[in-house]
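Chain by chain, the residues:
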Amino acid sequence: MAEKIILDIVTPEKKVLSESVDIVVAPGEEGEFGVLPGHIPFLCKLKVGELRFRSGTSARHVAIMGGYAEVLPHHVTILATAAEEASEIDVVRAQAARERAERRISEAKDKLEFARAQGALQRAVARLRVAEKK
Ligand code: ATP
């Protein structure tokens, strides 16, 4: 049988998933990276974006709201601020969050308000992109 990787995704609120997979592709802060079984160990920060993984012919997509990845040769642990699988994403909520964030960006009175609204916009856009792949 082909070698596998255990992928665990957890947030402060819950265990999102634990799966045996063939490949993981994650949104590293310095760029997307792929992990196959036997990868050298490393730790890195994740940005807001999409994580995808494949097991056999089935591919799944998860929206990741930033966090950390620990990569070991046969185990990837994602500690995310928040994470939702494509099928769990509430599209109406994410659309409302995007509209709210766009309004806040246009009305921002200082850098902090602007940065917060930009963060909210990135999260909403990531959720909407991933939701399209369910
Ligand atoms: P909102 O303004 O809609 O709350 P947000 O980006 O501020 O969005 P987060 O702080 O990232 O939300 O997440 C808070 C909690 O809500 C987390 O548990 C997250 O998984 C969940 N969540 C946020 N938006 C969605 C969504 N569109 N669909 C499903 N779960 C969501």
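Fair warning: this is a prediction, and the values are worked out from it, not measured in the lab.

A word on the overall build of the chain. Scanning the chain from terminus to terminus reveals two helices and eight strands. Going from the N terminus to the C terminus, the chain shows its helices and strands as β-β-β-β-β-β-β-β-α-α. In terms of overall dimensions, the chain has C-alpha extents of about 55 × 30 × 25 Å along its principal axes. Looking at the chain as a whole, 40% of its 134 residues qualify as buried. Long-range pairs, those at least 24 residues apart, make up 52% of the contacts in the chain between residues at least 6 apart in sequence. Accessible surface, the chain: about 8,000 Å² in total, of which carbon and sulfur atoms supply 52%. Of the charged side chains in the chain, 21 are positive and 20 negative; the average position of the first set lies 4 Å away from that of the second.

In this structure, Leu7, Ile9, Leu51, Ile64 and Ile78 are the most contacted members of the largest nonpolar core, which totals 22 residues. Elements represented by at least two residues in this core include exactly β1 (5-10), β2 (15-21), β3 (23-28), β4 (31-35), β5 (42-55), β6 (58-72) and β7 (75-80). The contact partners of Ile64, leaving out residues within four places of it in the chain, are Ile9, Pro27, Leu46, Lys47, Val48, Gly49, Leu51, Ile78, Ala80, Ala82 and Ala83. Counting seven residues, the second largest nonpolar core, distinct from the first, contains Ala86, Ile89, Ala126 and Ala131.

In this section: the domain arrangement of the chain. When cut into domains, the chain gives domain 1 (5-86) and domain 2 (90-131). Relative placement of domain 1 and domain 2: their C-alpha centres are 24 Å apart. Domain 1 puts ten residues into the contact, and the matching count from domain 2 is six residues. Taking both partners together, domain 1 and domain 2 bury about 600 Å²; carbon and sulfur atoms supply 73% of that area. Ranking the residues of domain 1 by area buried against domain 2 places Val48, Met65 and Ala86 at the top, with a combined share of 56%. At the junction of domain 1 and domain 2, the tally comes to one salt bridge. In this structure, Glu84 and Arg127 form a salt bridge, with 2.7 Å as the shortest nitrogen-oxygen distance. Taken together, the links from domain 1 to domain 2 amount to one residue pair in polar contact (both at pLDDT 80 or more).

We now examine the environment of Gln122. Tracing the backbone through its elements, the reader meets Gln122 in helix α2 (residues 111-131). Taking relative accessible area as the criterion, Gln122 reaches 47% and is therefore assigned partly exposed. With 50 residues separating them along the chain, Gln122 and Leu72 place their C-alpha atoms 29 Å apart.

Okay, the site of the ligand next. Looking at the ligand, the residues that line it are Glu13, Ala82, Glu84, Glu88, Ile89, Asp90, Arg93, Ala94, Ala97, Arg100, Arg123 and Arg127. The contact in question runs from a nitrogen atom of the ligand to an N or O atom on the backbone of Asp90, over 2.9 Å. Between an oxygen atom of the ligand and a side-chain N or O atom of Arg100, the distance comes to 2.7 Å. Alone, the ligand offers 590 Å² of accessible surface; in the complex the protein occludes 70% of this. When atom positions are compared with the pocket grids, the ligand is found to occupy the largest pocket. Mapped onto the shell around the ligand, the elements with two or more residues apiece are α1 (91-107) and α2. Looking at the shell around the ligand element by element, the count peaks at four residues for α1. By residue class, the composition of the shell around the ligand is four nonpolar, no polar and eight charged. When residues of the shell around the ligand are sorted by domain, at least three fall in each of domain 1 (5-86) and domain 2 (90-131).

Calculation rules
- Residues numbered from 1 in each chain as written.
- Predicted model: local features only at pLDDT ≥ 70, side-chain atom pairs only at ≥ 80, totals over all residues.
- Heavy atoms only, no water.
- Helix = DSSP H or I, 4+ residues; strand = E, 2+ residues; numbered from the N terminus.
- Buried < 20%, exposed > 50% of the residue type's maximum accessible area, 1.4 Å probe, protein only.
- Contact = heavy atoms within 4.5 Å.
- Areas by Shrake-Rupley, 256 points an atom, 1.4 Å probe, with all protein chains shown as cover.
- Lys, Arg positive; Asp, Glu negative; His and termini not counted.
- Charge placed at Lys NZ, Arg CZ, Asp CG, Glu CD.
- Core = buried A, V, L, I, M, F, W, Y, C linked by side-chain atoms within 4.5 Å.
- Domains from an automatic or database assignment.
- Buried area = accessible area lost by both parts, 1.4 Å probe.
- Salt bridge = Lys/Arg side-chain N within 4 Å of Asp/Glu carboxyl O.
- Polar contact = N/O pair within 3.5 Å; in protein donor to acceptor, adjacent residues only side chain to side chain.
- Near = heavy atom within 4 Å.
- 1 Å grid on protein atoms, 1.4 Å probe; cavity = no way out; pocket = protein on both sides within 12 Å on 5 of 7 lines; lining within 4 Å.
- Sits in = over half its atoms within 2 Å of the grid points.
- Nonpolar A, V, L, I, M, F, W, Y, C, P; charged D, E, K, R; others polar.

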